[in-house]
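Each chain, written out:
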Amino acid sequence: MFTALSNKISGKNLKIVYPEGTVVRVLGAAVRLNADNLIDPILIGNAEEIQSVASENRWDLTDIEIIDPETYDAFEEMVAAFVERRKGKNTEEQAREMLKDETYFGTMLVQMDLADGLVSGAVNSTGDTVRPALQIIKTKPGVKLTSGSFLMIPREEDGQKMIFSDCAININPDAQSLAEIAVESAKTAKMFDIEPRVAMLSFSTHGSAASEEVDKVVEATRIAKEIAPELPIDGELQFDAAYAPSVAQQKAPESPVAGQATVFVFPEIQSGNIGYKIAQRLGGYQAVGPMLQGLNKPVSDLSRGCTEEDVYKISIITANQAIMED
Ligand SMILES: CC(C)(COP(=O)(O)OP(=O)(O)OC[C@H]1O[C@@H](n2cnc3c(N)ncnc32)[C@H](O)[C@@H]1OP(=O)(O)O)[C@@H](O)C(=O)NCCC(=O)NCCS
Ligand SMILES: CC(=O)OP(=O)(O)O
C-alpha cells in the first residue's frame, strides 16, 4: 500500500511543512523522506536549534529548507493575506502575534500555495494543531465539517485494513454531522483501495437497546444513506456485529455491512479516540493519522505518542492528498 502511495509522489518535489522542526521524530522522518526523494520538507523554527538537533543525530540538512517566522522576509505579506482570509475576525496586530506561532505560520504557507501540505502534532495538542487549519484553510465546498480518521493497519501483511472515524475532532456530533463524517470516511477508504462498507457504531444492534444515543446513530444512518445511496452503510451496529461474521450472523443476518465492515464510524469522540488507541496498543494495529477529512488543502495531525515511522507514513498520505482529485 505505502509502496503504491510512495510511487505516486516520488520525484514530484511536493513540499510538506513541519512546524515542529526541532522534534527528533519529526526531523528524522523529514530527513528520510527527503533522502527517499518523496517529499521536499520545509522545517519551521530557529535554524540553529534545528541544526543542533540534526547534528546530534548526524543528519545532513543541506538540501532541506528551514524557515524561521522571526526572520521571514515576506512576513508582512503573510500578515496581509491572513487578515484578508479572516475577514474581520482578526486584526493586523493579532495576525502579527498569531503568525509567530509555527503552526499558524506553516498553515499560512499552505494557504498561500507556498507548500502543498502540513504535518504536525507530535508535541502540540490536536486543538492547537488543527485550529489554524479550521480557521484559515477551511472546508471544501459542499463539506460542512472537518473530521479526523485513522488508517488502521493490522500486523498480518494480508490482513484487512480499516478506517476508524471520527477519533479526533468533533466532540459530540449530531446526526447530520455523523452522517457527513461517515460519507467522508468512505471517500478516505477509497484512497487506500479499501472497499468502503460503513458501520455506524453503537452499543446496540438493530434495536436491541433503546436510548437517545442509539436514536442519533439510527438517524445518522438514514441521513448518510440519503447523501450517498450507492454506499453500503448500516447501523446501528455494535462493534462485534460490524466486525465478526459469526456475531453478524446472529445479530444482523440481513445486513449488507455486518461482519464485513471496513469503515467504522464511532458515535462521538470519546469512543472513537479510546477505540483506536485500544486497537493500536492492545490489538497491535498501526494507527496512521488522524488524517483530516474535508479540508480545502491537506493538513494532518499526529498523536503525541507517534513514532518516526508514523510521521513518515502520514507525510506520504498528506502528499498524496495534495495531488488527489476530488
Ligand atoms: C477542533 C477544536 C479544537 C475546535 O475548537 P475551537 O478552537 O474551540 O473551535 P471554535 O469553535 O472556536 O472554532 C474555530 C474555527 O474553527 C471552525 N471549526 C470548528 N470546528 C470545526 C469542524 N469540526 N469542522 C470545520 N470547522 C470547524 C469554526 O467554524 C471556527 O471558524 P471561524 O474562526 O472562521 O469562525 C475542538 O472541537 C476540539 O478541541 N476538538 C477535540 C480535539 C481533541 O482533543 N481530540 C483528541 C485528540 S486527537
Ligand atoms: C490523536 C490523538 O489522540 O492525539 P494525542 O494522543 O496527541 O492526544
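Since the model is a prediction, treat every value here as computed from it, not as a measurement. Along every chain, residues carry numbers that run from 1 in the direction the sequence is written. The naming scheme follows written order: chains are lettered A onward, ligands numbered 1 onward. Two thresholds apply to this predicted model, a pLDDT of at least 70 for residue-level local features and 80 or more for giving and counting side-chain atom pairs, whereas whole-chain, interface and lining totals are computed over all residues. Computation of side-chain values covers all heavy atoms of the structure but excludes hydrogens and water.

Asks: Just checking my understanding: could you explain the overall build of the protein for this structure?
Replies: Under the scheme used here, helices are H or I runs from DSSP no shorter than 4 residues and strands are E runs no shorter than 2 residues, and both carry numbers assigned from the N terminus. Secondary structure summary: the protein contains 13 helices and 11 strands in total. Computed over the C-alpha atoms, the radius of gyration of the protein is 20 Å, within 12% of the 20 Å expected from 2.2 N^0.38 for a compact globule of 326 residues. Expressed along its principal axes, the backbone C-alpha trace of the protein runs to roughly 65 × 45 × 30 Å. Note on classification: 1.4 Å probe, protein chains only; a residue is buried when its accessible area is under 20% of the maximum for its type, exposed when over 50%, partly exposed between these limits. In the protein, which comprises 326 residues, the share counted as buried stands at 56%. Here, residues are in contact when the closest pair of their heavy atoms is within 4.5 Å. Excluding contacts between residues fewer than 6 apart, the proportion of contacts in the protein whose partners are at least 24 apart in sequence is 72%. All accessible areas in this document rest on Shrake-Rupley with a 1.4 Å probe, and a residue is counted as covered only by the protein chains that are shown. Carbon and sulfur atoms make up 47% of the accessible area of the protein, which totals about 14,800 Å². For this count, His and the chain ends are skipped, Lys and Arg are scored as positive, and Asp and Glu as negative. The atom standing in for a charge is NZ when the residue is Lys, CZ when it is Arg, CG when it is Asp and CD when it is Glu. The protein carries 30 positive and 49 negative side-chain charges, and their two centres are separated by 3 Å. When we talk radius of gyration, it's over C-alpha atoms, and the globule rule is simply 2.2 Å times the number of residues to the 0.38.

Asks: Sorry if this is basic, but what is going on with unusual backbone geometry here?
Replies: Outside of glycine, negative phi angles account for most residues, and trans bonds account for most peptide bonds. Between G235 and the following residue, E236, the backbone shows a cis peptide bond with an omega angle of 0°. When you line up the elements, E236 lands in strand β8 (residues 233-237). Cis peptide bonds are those with omega within 30 degrees of zero, and the linkage from G289 to P290 qualifies with -5°. You can see P290 is positioned in strand β10 (residues 286-293). With a phi angle near 40°, K87 is a residue other than glycine that sits in the positive phi range. Inspection of the secondary structure puts K87 in the loop between α4 (75-86) and α5 (92-98). For D193, which is not glycine, the phi torsion reads 55° and is therefore positive. With a relative accessible area of 73%, D193 lands in the exposed category.

Asks: What is the right way to read the site of ligand 2 from this model?
Replies: Residue proximity to a molecule or strand is established when one non-hydrogen atom of the residue lies within 4 Å of it. Every residue near ligand 2 is listed here: T126, F150, N273, Y276, K277, P290, S303 and R304. For the purposes of these results, a polar contact is taken to be a pair of N or O atoms within 3.5 Å, where, inside protein, one atom must be able to donate a hydrogen and its partner to accept one; residues adjacent in sequence count only when each atom of the pair is a side-chain atom. At 2.9 Å from an oxygen atom of ligand 2 is found a side-chain nitrogen or oxygen belonging to K277. One of the side-chain N or O atoms of R304 is found 2.7 Å from an oxygen atom in ligand 2. Contact with the protein chains hides 86% of the accessible area of ligand 2, taken as 260 Å² for the molecule alone. Here the element with the most residues in the shell around ligand 2 is helix α12 (residues 269-281); it accounts for 3 residues.

Asks: Would you mind going over the side chain of S120 with me for this structure?
Replies: On the secondary structure map, S120 appears in the loop between β4 (117-119) and α7 (126-137). For S120, a relative accessible area of 0% translates into the label buried. Beyond its immediate stretch of four places on either side in the chain, S120 contacts P19, E20, T103, T129, S300, D301 and L302.

Asks: Even after reading the chapter, I still don't get the nonpolar core, so can you show me in this structure?
Replies: A general trend in soluble globular proteins is that nonpolar side chains are found buried together. Membership of the largest hydrophobic core comes to 59 residues, with the highest contact counts inside it found for Y18, L151, F192, V198, M200 and I317. The leading source of residues in this core is helix α8 (residues 175-191), at 9 residues. Here Y18 is in contact with V26, A30, L33, I39, P41, I42, L43, I44, V119, V311 and S315, once residues within four sequence places are set aside. Of all hydrophobic cores here, the second largest spans 28 residues; its members include F105, A115, A133 and I136. The nonpolar core is taken to be a set of buried Ala, Val, Leu, Ile, Met, Phe, Trp, Tyr and Cys residues, with the residues joined through side-chain atoms within 4.5 Å.

Asks: Explanation requested: the pattern of salt bridges in the structure shown.
Replies: Between side chains of opposite charge, pairing is possible as soon as their charged atoms come close. The working definition used for a salt bridge is a side-chain nitrogen of Lys or Arg within 4 Å of a carboxyl oxygen of Asp or Glu. Applying the stated criterion across every chain yields a total of 13 salt bridges. Between R32 and E309 there is a salt bridge, with the nearest N and O atoms lying 3.1 Å from each other. Placement of R32 in helix α2 (residues 24-35) and of E309 in helix α13 (residues 308-323) is noted, with a sequence separation of 277 residues between them. The partner of R96 in a salt bridge is E92, and the shortest N-O contact between them spans 2.9 Å. Highlighted residues: R96 and E92, both in helix α5, separated by 4 residues, approximately one helical turn. In this structure R96 comes out as partly exposed when scored by relative accessible area, which is 29%. Look at E92 and you get partly exposed, because its relative accessible area is 48%. Several salt bridges converge on common partners, so that one network encompasses R32, E308, E309 and K313.

Asks: Looking at this model, I keep getting lost on the packing of aromatic side chains. Mind explaining?
Replies: By convention here, two paired aromatic rings are described through the distance between centres and the angle between planes. Paired rings are identified among Phe, Tyr and Trp, the last through its six-membered ring, by centres lying within 6.5 Å, and are further divided according to the angle between planes into stacked (under 30 degrees), edge-to-face (over 60) and tilted (the rest). All told, the structure shown has 8 aromatic pairs when counted by the stated rule. Taking the centre distance of 5.6 Å and the plane angle of 15° together, the rings of F239 and Y243 count as stacked. Pair noted here: F239 and Y243 are both in helix α10 (residues 239-243), with a separation of 4 residues, about one helical turn. Accessibility expressed as a relative area gives 42% for Y243, which makes it partly exposed. A network of ring pairs unites the aromatic residues F164, F239, Y243, F264 and F266 as a single cluster. For a Lys NZ or an Arg CZ to count as sitting over a ring, it must be within 6 Å of the ring centre and within 35 degrees of the ring normal. The ring of Y312 has R32 lying over it, and the distance from NZ or CZ to the ring centre is 4.0 Å. Positioned over the ring face of F2 is K313, at 5.4 Å from the centre of the ring.

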